[in-house]
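Architecture at a glance
Listed here are the chains, written in short residue letters.
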Amino acid sequence: SDRVETLEFQAEARQLLQLMVHSIYSNKDVFLRELISNASDALDKLRLESLVDKDLDVDTADLHIELEIDKDARTLTVRDNGIGMSRDEVVGLIGTIAKSGTAELLRKLRESQDAAASQELIGQFGVGFYATFMVADTVTLVTRRAGQSGGTRWESAGEGTYSVESVDDAPQGTSVTLHLKPADTEDNLHDYTAEWTVREIVKRYSDFIAWPIRMTVERPGEEGATTTETQTLNSMKALWARSRDEVDEAEYHEFYKHVARDWADPLETIHMRGEGTFEYEALLFLPSHAPLDLFSPQGHRGVQLYVKRVFIMDDCDALMPNYLRFVKGVVDAHDLSLNISREILQQDRQIRAVRRRLVKKVLATLTEMKAERAEAYRTFWGEFGAVLKEGLLEDTDNSETLLNLLRLASTRDADEPTTLADYVGRMKDGQTEIYYATGDSRGTIENSPHLEAFRAKGYEVLILTDPVDEVWVERVGAYDGKTLRSVAKGQVDLETDEEKAKTDQERKEYADLLTWMSEALADSVKEVRLSSRLTTSPACVVGDAHDMTPTLEKMYRAMGQ
Ligand code: ADP
Ligand code: MG
């Protein structure tokens, strides 16, 4: 037909597909989870749209997902009667990867040499729809957007191109048909045309999906005849609405993978319930690794919002502060309007109260993890520590708790970071302040002449290398009544009385030299002082107590200020 168009995949999409076709991921079963997850999203979207848009003429009485196996044709079809896609959406959503971090992922994949590391990267990214090309030679998608009359047929073998064609007879929603790779190849471990296999995969990965996942199966009937019967394969129980002892860890983990679009298990699960004037249930997760878009302004942040089991929105940032943007999960609030907008949510007093409770709970969980599961906390800190520090700027209500969650590098031990409390516990007699040095790396800080006097005295110095460190130490100012003092600023008083007398004497002796040097260097420095800071270097440049530290100065200069 003249309506068939052949289009090229976007470059990034093509590269990712290559990886799928030549399947570097060993657990191929997850393709079905991805398709069911998309179908479930499409049903959520349709229900919401039909509630919000009264003019949308759709039948939402029997929203469901259907699986169909054709053994002879070796196909597996996943069908939903959800929101569907327009032709433009098919091209934009399936032919393109809009996810931020794609370029970064591909760069890392090119650099990574071993298969296990590549798998982990793919897992972190979550390849979604493209996972189908691990098991299929050809994928056909037929879809019609709710409210539109014409449909679209999309087909691809996962190599460079795909075809799109307008079709008249597509039912509303989306069907994805996989033409499965030959069963006897070595890398096809499972036969996805076997009813039992499909049933097991649905049970394992998608049991909690809120919509029925149906399959018509054959059963032996009377006298050798076979009858067919349609079964629902999943239990459809909303996990967050169940009590904690009814849910096992594997179920929590699969649910996490669905909401977070992650392929790895979470580090921690938080299941809570709020009663009283404003009822809600929350099922939150701390991921075990940072997403690639953690520091990207377009990155996903926030949790999913439901109202009495009805999906309302993804990335609900009103429920989680920016510095906890890595927290994933679901909050089901019972007393909100289904039409609630992001703007109204931001203003809503009750939502703010829920958010305060969630933040307290997440921070309490981290505090407990730090005390009782040191290894897990180490992982957490390595992935999200730099983000959590942003809380010291944003969330003054919780700064005590946040300060106690810090793990900071110090001169004491290159491999073992310290807490502020432990630092204070080790402070020497006569030491009244907490010393820190900021810089790009541990190496440059350790070689800086600023550290010499501290090293000579045996004083421990915190080594701060995250860009945000500069800012929070200034903002926080002190811990446990002890000033946080940069080693690069002002006159650091490390001398004993005896040493002071000696310095005074020396100052007199060198007075003429110092005056001469001050005059000679008048254009570059404010003052030339005799110093007790240095032990091996002859001279160093220091800032005034109120000056910016060199790193901050560099940061501002880089920003063009
Ligand atoms: P993700 O689900 O993480 O967005 P996918 O690759 O799984 O990534 O899907 C890409 C997009 O294609 C989805 O976000 C959705 O907009 C669209 N899509 C996929 N499957 C369906 C479906 N069954 N119905 C409607 N839209 C779909
Ligand atoms: Mg998906």
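Counting restarts for each chain: residues are numbered from 1 in the order of the written sequence. Chains and ligands are labelled sequentially in the order written, the chains with letters from A and the ligands with numbers from 1. Side-chain atom pairs in this predicted model are given and counted only at pLDDT of 80 or more, local residue features only at pLDDT of at least 70, and totals for whole chains, interfaces and linings cover all residues.

- The protein has the name Chaperone protein HtpG in an unreviewed UniProt entry, where Micromonospora mangrovi is given as its organism.
- UniProt positions are given in the numbering used here, feature names are shortened, and annotations may be inferred rather than shown by experiment. Under the UniProt heading Function (unreviewed entry), the note attached to the protein is "Molecular chaperone. Has ATPase activity."
- Listed under Subunit (unreviewed entry) in UniProt, the entry text for the protein is "Homodimer."

With respect to the sheet that holds strand 2 (residues 65–70)
- Across the sheet, nine strands lie side by side as 1-6-5-4-7-3-2-8-9; this open sheet has mixed pairing. Strands at the two margins of the open sheet, each flanked by one partner only, are strand 1 (5–8) and strand 9 (226–232). Sheet twist, expressed as the mean angle between neighbouring strand axes with direction ignored, is 20 degrees.
- In this description, strands pair whenever DSSP reports at least two bridges between them. Strands here are runs of E lasting at least two residues and helices are runs of H or I lasting at least four, both read from the DSSP assignment and numbered beginning at the N terminus. Pairing geometry for strand 4 (residues 136–144) and strand 7 (residues 173–180), over eight bridges, is antiparallel. Each bridged residue has a counterpart across the sheet, and for Leu-141 the counterpart in strand 7 is Val-176. Only the stretch in contact is used when fitting a helix axis, every axis being a line fitted to C-alpha atoms; angles between N-to-C directions are given from 0 to 180 degrees.

Looking at the environment of Tyr-205
- Here Tyr-205 lies in helix 6 (residues 195–206).
- For Tyr-205, a count of 23 C-beta atoms within 10 Å corresponds to the buried category.
- With 46 residues separating them in the primary sequence, Tyr-205 and Glu-251 have C-alpha atoms 8.1 Å apart.
- Apart from residues no more than four positions distant in its own chain, Tyr-205 is found in contact with Val-30, Leu-32, Arg-33 and Glu-254. Three exposure classes are used. Buried residues have 20 or more other C-beta atoms within 10 Å of their own C-beta, exposed residues have 12 or fewer, and partly exposed residues fall in between, all C-beta atoms being placed from the backbone. Any two residues are considered in contact once their C-beta atoms, placed from the backbone, lie within 7 Å.

Here's the deal with the pairing of strand 14 (residues 328–333)
- Judged by how many residues are buried, strand 14 sits mostly within the fold: six of six residues are covered.
- Residue alternation in strand 14 divides its side chains into two sets, Lys-328, Val-330 and Asp-332 and Gly-329, Val-331 and Ala-333, and both sets are buried.
- The pairing of strand 11 (residues 280–286) with strand 14 spans six bridges and is antiparallel. Residue pairing in the sheet places Ala-282 in a bridge with Val-331 of strand 14.
- In this sheet, strand 14 lies alongside strand 12 (residues 303–307) in parallel orientation, the contact comprising three bridges. Looking at strand 14, one finds that Leu-305 is bridged to Val-331.

Quick word on the packing of helix 2 (residues 30–52) against helix 6
- Put simply, helix 2 and helix 6 touch, their axes get as near as 9 Å, and they point 65 degrees apart. Judged by the sense of rotation from one axis to the other, the crossing of helix 2 with helix 6 is right-handed. Taken together, the residues of helix 6 that come into contact with helix 2 (itself represented by Val-30, Leu-32, Arg-33 and Ile-36) are Ile-201, Tyr-205 and Ser-206.
- Residue type decides the class: Asp, Glu, Lys and Arg count as charged, Ala, Val, Leu, Ile, Met, Phe, Trp, Tyr, Cys and Pro as nonpolar, and the leftover types, Gly among them, as polar. Of the residues belonging to the contact of helix 2 with helix 6, the class tally is five nonpolar, one polar and one charged. Here a crossing is called left-handed whenever its near helix is offset anticlockwise from the far helix by less than a right angle, and right-handed whenever the offset is clockwise.

A short note on the pairing of strand 11
- For strand 11, the buried fraction is high: seven of the seven residues fall into the buried class.
- With burial as the criterion, each face of strand 11 is covered, one bearing Tyr-280, Ala-282, Leu-284 and Leu-286 and the other bearing Glu-281, Leu-283 and Phe-285.
- Sheet topology note: the strand 10 (residues 268–274)/strand 11 ladder contains seven bridges and is antiparallel. Note that in strand 11 the partner of Ile-270 across the bridge is Leu-284.
- Once strand 10 ends, the chain turns through five residues before running back antiparallel as strand 11, passing Gly-276 with a positive phi of about 110 degrees.

Brief notes about helix 6
- One less than the number of residues in a helix, times 1.5 Å, gives the span that helix is expected to have. The terminal C-alpha atoms of helix 6, which comprises twelve residues, lie 16 Å apart, in line with the 16 Å expected from a rise of 1.5 Å per residue.
- Every buried residue of helix 6 is accounted for by Val-198, Ile-201, Val-202, Tyr-205 and Ser-206. On an axial view of helix 6, the arc spanned by its buried residues comes to 100 degrees, and they lie on one face.
- On its buried face, helix 6 sits against helix 2, strand 2, strand 8 (213–220) and helix 7 (249–260). Taking the helix axis as origin, the arc is that swept by the directions to the C-beta atoms.

Regarding the site of ligand 1
- Close to ligand 1 lie 15 residues, the nearest being Asn-38, Ala-42, Gly-128, Phe-129 and Thr-174.
- Looking at the shell around ligand 1, the elements that each hand over two or more residues are helix 2 and helix 3 (87–94).
- The biggest single contributor to the shell around ligand 1 is helix 2, with four residues.
- Residue composition of the shell around ligand 1, by class: seven nonpolar, five polar and three charged. Residue proximity rests on one test: whether the C-beta atom, placed from the backbone, lies within 6 Å of the molecule or strand.

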